[in-house]
2 protein chains.
Amino acid sequence: MQSLSESLGTRIRAMRKLKKFSQDGFALQCGLDRSYMGRIERGEVNITVEKLYRISKELECEPVELLPKINDIAI
Amino acid sequence: MQSLSESLGTRIRAMRKLKKFSQDGFALQCGLDRSYMGRIERGEVNITVEKLYRISKELECEPVELLPKINDIAI
DNA sequence: ATGTGACTTATAGTCCGTG
DNA sequence: ACACGGACTATAAGTCACA
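Because the structure is predicted, anything quoted here is derived from the model rather than measured.

Engineer: Would you mind going over the interface of chain B and chain A with me for this structure?
Structural biologist: On the chain A side, the residues contacting the 22 residues of chain B number 22 residues. Between chain B and chain A the total buried area reaches about 1,900 Å² when both faces are included, carbon and sulfur atoms providing 71% of it. Considering only the side of chain B, the residues that lose the most area to chain A are Val-49, Tyr-53 and Ile-70 of chain B, jointly responsible for 34% of the buried surface there. Taken together, the connections running from chain B to chain A amount to ten residue pairs in polar contact (both at pLDDT 80 or more). Among the elements of the structure, α1 (4-18) and α4 (49-58) of chain B are those that each provide at least two residues to the side of chain B that touches chain A.

Engineer: What is the right way to look at the protein's contact with DNA strand D in this model?
Structural biologist: Contacts to DNA strand D come from 20 residues, most closely from Arg-13, Gln-23 and Arg-42 of chain A together with Tyr-36 and Lys-51 of chain B. Arg-42 of chain A is positioned with one of its side-chain polar atoms (N or O) 3.5 Å from a phosphate oxygen of DNA strand D. Between Ser-35 of chain B and DNA strand D, the recorded distance is 2.9 Å, taken from a side-chain N or O atom to a base nitrogen. Those elements that place two or more of their residues in the surface near DNA strand D are α1 (4-18), α2 (23-30) and α3 (34-41) of chain A together with α3 (34-41) of chain B. Ranked by residue count, the leading element in the surface near DNA strand D is α3 of chain B, at four residues. Looking at the surface near DNA strand D, its residues break down into three nonpolar, seven polar and ten charged.

Engineer: Help me out: how do you make sense of the pattern of salt bridges in this one?
Structural biologist: Any two side chains of opposite charge can pair, on the condition that their charged atoms come close. A complete count under the given rule lists twelve salt bridges over all chains for this structure. Connected via shared salt-bridge partners are Arg-13, Arg-16 and Glu-41 of chain A.

Engineer: In this structure, what is going on with the packing of aromatic side chains? I would like to understand it.
Structural biologist: Each aromatic ring pair is characterised by the separation of its centres together with the angle its planes make. Residue and element names in this part refer to chain A. A full pass over the atoms with the stated rule returns two aromatic pairs over all chains. Consider the rings of Phe-21 and Phe-26, whose centres lie 5.9 Å apart with planes at 10°: the pair is stacked. Judged by relative accessible area, Phe-26 falls into the buried class, the value being 0%.

Engineer: Help me understand the protein's contact with DNA strand C, please; the structure alone is not making it clear to me.
Structural biologist: Inspection of the region around DNA strand C gives 23 residues, with Tyr-36 and Thr-48 of chain A together with Gln-23, Arg-34 and Arg-39 of chain B positioned closest. Sugar plus phosphate: this is where 53% of the atoms of DNA strand C within 4 Å of the protein reside. At a separation of 3.3 Å, a phosphate oxygen of DNA strand C approaches a polar backbone atom of Asp-33 of chain A. Here a phosphate oxygen of DNA strand C sits 2.7 Å away from a polar atom, N or O, in the side chain of Thr-48 of chain A. Secondary structure elements with two or more residues in the surface near DNA strand C: α3 of chain A together with α1, α2 (23-30) and α3 of chain B. Of the residues contributing to the surface near DNA strand C, the split by class is three nonpolar, nine polar and eleven charged.

Thresholds applied
- Residues numbered from 1 in each chain as written.
- Chains lettered and ligands numbered in written order.
- Predicted model: local features only at pLDDT ≥ 70, side-chain atom pairs only at ≥ 80, totals over all residues.
- Heavy atoms only, no water.
- Contact = heavy atoms within 4.5 Å.
- Buried area = accessible area lost by both parts, 1.4 Å probe.
- Polar contact = N/O pair within 3.5 Å; in protein donor to acceptor, adjacent residues only side chain to side chain.
- Helix = DSSP H or I, 4+ residues; strand = E, 2+ residues; numbered from the N terminus.
- Near = heavy atom within 4 Å.
- Nonpolar A, V, L, I, M, F, W, Y, C, P; charged D, E, K, R; others polar.
- Salt bridge = Lys/Arg side-chain N within 4 Å of Asp/Glu carboxyl O.
- Phe/Tyr/Trp six-rings, centres within 6.5 Å; stacked < 30°, edge-to-face > 60°.
- Buried < 20%, exposed > 50% of the residue type's maximum accessible area, 1.4 Å probe, protein only.

Spelled out as structure tokens, the structure:
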């Protein structure tokens, strides 16, 4: 079972690629550092809800589309 | 328009009351200090996604039930 | 049972680089 | 373009005392 951060990162990456954004261009859009976006997508960090919304906004999706179901992750 | 943290806090409080939990009993369940839970419910802090999941788990709901729609808050 | 101030500690998030 | 890291800085996390 994936961790929450891993699952979230995987979903963010998939959605970003769907939108044909580069990682660093997308980070810039979100007002985040490029190295931090890499860490997010690799599931190395536990982002705040505020950043989740910022990322969702730039991906033109609802946060729920990026969040795993509660029973699909280890808590 | 409410801020994200305010909207999230309001929803957490409403769901907690629905479950008939006291603030400090609920904080304990979540492994948090009751004063910190108070700040979350008042929207004074910007929690991480991990905390959101911990709280959702104890409220027996999905995170999406606690999160406002992206167009309903100021980003 | 809850709000608030004043903390300390942990970690989110930045800025610089390398291959 | 992206992975990965070191060394920062800002802020979330967590504790306690008092109202």
